[in-house]
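# What the coordinates show
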Amino acid sequence: MSIAPDQLTTPRQDFIAAMGNAATGVTVVATEGPAGRFAQTVSAMCSVTADPPSLLVCVNERSPLAGAAARNGHFAVSVLSAEQAHVSDVFAGRPAAGAPYDFGCADWDTLDTGSPLLRGAAAVFDCRLGDAVVSGTHRVLFGTVTAAAVSPDARPLVHHARTYGTHRPL
Ligand SMILES: Cc1cc2nc3c(=O)[nH]c(=O)nc-3n(C[C@H](O)[C@H](O)[C@H](O)COP(=O)(O)O)c2cc1C
């Protein structure tokens, strides 16, 4: 039995279109250590459990962040604020101005692990790496949160249908 090309491609296209209609927050995941300093824009971030505080991020294996975070053994997650859409584009490799993946586009702090945390972010999580699982093209990194902080006045950046926005209560 042969499978027509459209049978192979349509589910993938439907998946991408459907995911595009799911609004998400936007984070920058970063690491710094013996394996180097790298960061990547990531919308695939979610809480795992509060006991112990932990989260997960899904990072494409092609990103140098995936291997570096595993070797450094830690990473940090910065939840972008509405004023930081340009930072999302820099770490997605498509800046409107300046160089892609350039840490000079923003100011950074560190907490426990030494991973870079974005100043002015809506929330930040510093994490030690727990499990790491490869699934298809992506590596799922589980992080045990060693420190977290929130900027209560910051509005979160939201991504929907390939555009940026922010949350407005109904
Ligand atoms: C809003 C947004 C969310 C993204 N979320 C993720 C993500 O969760 N995981 C990931 O590996 N890449 C994510 N990316 C993609 C990467 O940041 C980057 O754009 C991509 O790796 C570059 O793709 P290319 O090598 O095909 O040009 C996201 C990009 C944007 C703009």
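Quick caveat: nothing in here was measured; it's all calculated off a predicted structure. (Residues numbered from 1 in each chain as written. Predicted model: local features only at pLDDT ≥ 70, side-chain atom pairs only at ≥ 80, totals over all residues. Heavy atoms only, no water.)

### Quick word on the overall build of the chain
We count it as follows: Comment: elements are numbered from the N terminus, with helices defined as DSSP H or I runs of at least four residues and strands as E runs of at least two. Note on method: radius of gyration uses C-alpha positions; expected globular size equals 2.2 Å times residues raised to 0.38. Whether two residues touch is decided by their heavy atoms; if any such pair falls within 4.5 Å, the residues are in contact. Per-residue accessibility takes into account occlusion by the displayed protein chains alone, with areas from the Shrake-Rupley method and a 1.4 Å probe.
A tally of regular secondary structure across the chain gives three helices and 12 strands. Compactness check: the chain gives a C-alpha radius of gyration of 17 Å against a globular reference of 15 Å for 170 residues, within 12% of the reference. Projected onto its principal axes, the C-alpha coordinates of the chain cover approximately 55 × 40 × 40 Å. Counting contacts in the chain only where the partners sit at least 6 residues apart, residues at least 24 apart contribute 60% of the total. Here the chain has roughly 9,700 Å² of accessible surface; of this, 56% comes from carbon and sulfur atoms.

### Here's the deal with the sheet that holds strand β1 (residues 24–25)
Defined as follows: In this scheme, strands are said to pair when DSSP sees at least two bridges between them.
A sheet is described by the order of its strands in space; here three strands give the open sequence β1-β11-β12, paired in antiparallel fashion. Each edge of the open sheet carries a strand with a single partner, namely β1 and β12 (163–166). In the sheet, β1 pairs with strand β11 (residues 157–160) via two bridges, with the strands oriented antiparallel. Bridge pairing in β11 links threonine 24 to histidine 159.

### Things to note about the site of the ligand
Rules: One heavy atom within 4 Å of a molecule or strand is enough for the residue carrying it to be called near that molecule or strand. Whenever a nitrogen or oxygen atom comes within 3.5 Å of another N or O atom, the pair is scored as a polar contact, on the condition that within protein one atom can donate a hydrogen and the other can accept it, and that pairs from neighbouring residues in sequence are kept only if both atoms are in side chains. Gly is put with the polar residues, along with every residue not named as nonpolar or charged; the nonpolar set is Ala, Val, Leu, Ile, Met, Phe, Trp, Tyr, Cys and Pro, and the charged set is Asp, Glu, Lys and Arg.
Neighbouring the ligand are 15 residues, the closest being Gln40, Ser43, Ala44, Cys58 and Asn60. In this structure, alanine 44 approaches the ligand through a main-chain N or O atom, which is 2.9 Å from an oxygen atom. Here an oxygen atom of the ligand and a backbone polar atom of asparagine 60 are 2.7 Å apart. Out of a free accessible area of 630 Å², the ligand has 66% covered by protein chains. Looking at the shell around the ligand, the elements that each hand over two or more residues are β3 (36–42) and β5 (53–60). Class assignment for the residues of the shell around the ligand results in seven nonpolar, six polar and two charged.

### So, the sheet that holds strand β10 (residues 138–150)
The condition that has to hold: In this analysis an axis means a line fitted to C-alpha atoms, helices contributing only their contacting stretch, and an angle means the value between N-to-C directions, from 0 to 180 degrees.
Ordered in space as β3-β2-β6-β9-β10-β5-β4, the seven strands form an open sheet in which the pairing is antiparallel. Lying at the two open borders of the sheet, with one neighbouring strand each, are β3 and β4 (45–50). Taken over all neighbouring pairs, the strand axes of this sheet differ in orientation by 30° on average, direction set aside. Bridge analysis of strand β2 (residues 27–33) against β3 gives seven bridges, and the strand direction is antiparallel. Residue glycine 33 lies in a different strand from β3, and its bridge partner there is glycine 36. Docked against the sheet, helix α2 (residues 64–72) engages β2, β3, β5, β6 (74–79), β9 (123–135) and β10, running at close to 50° with respect to β2.

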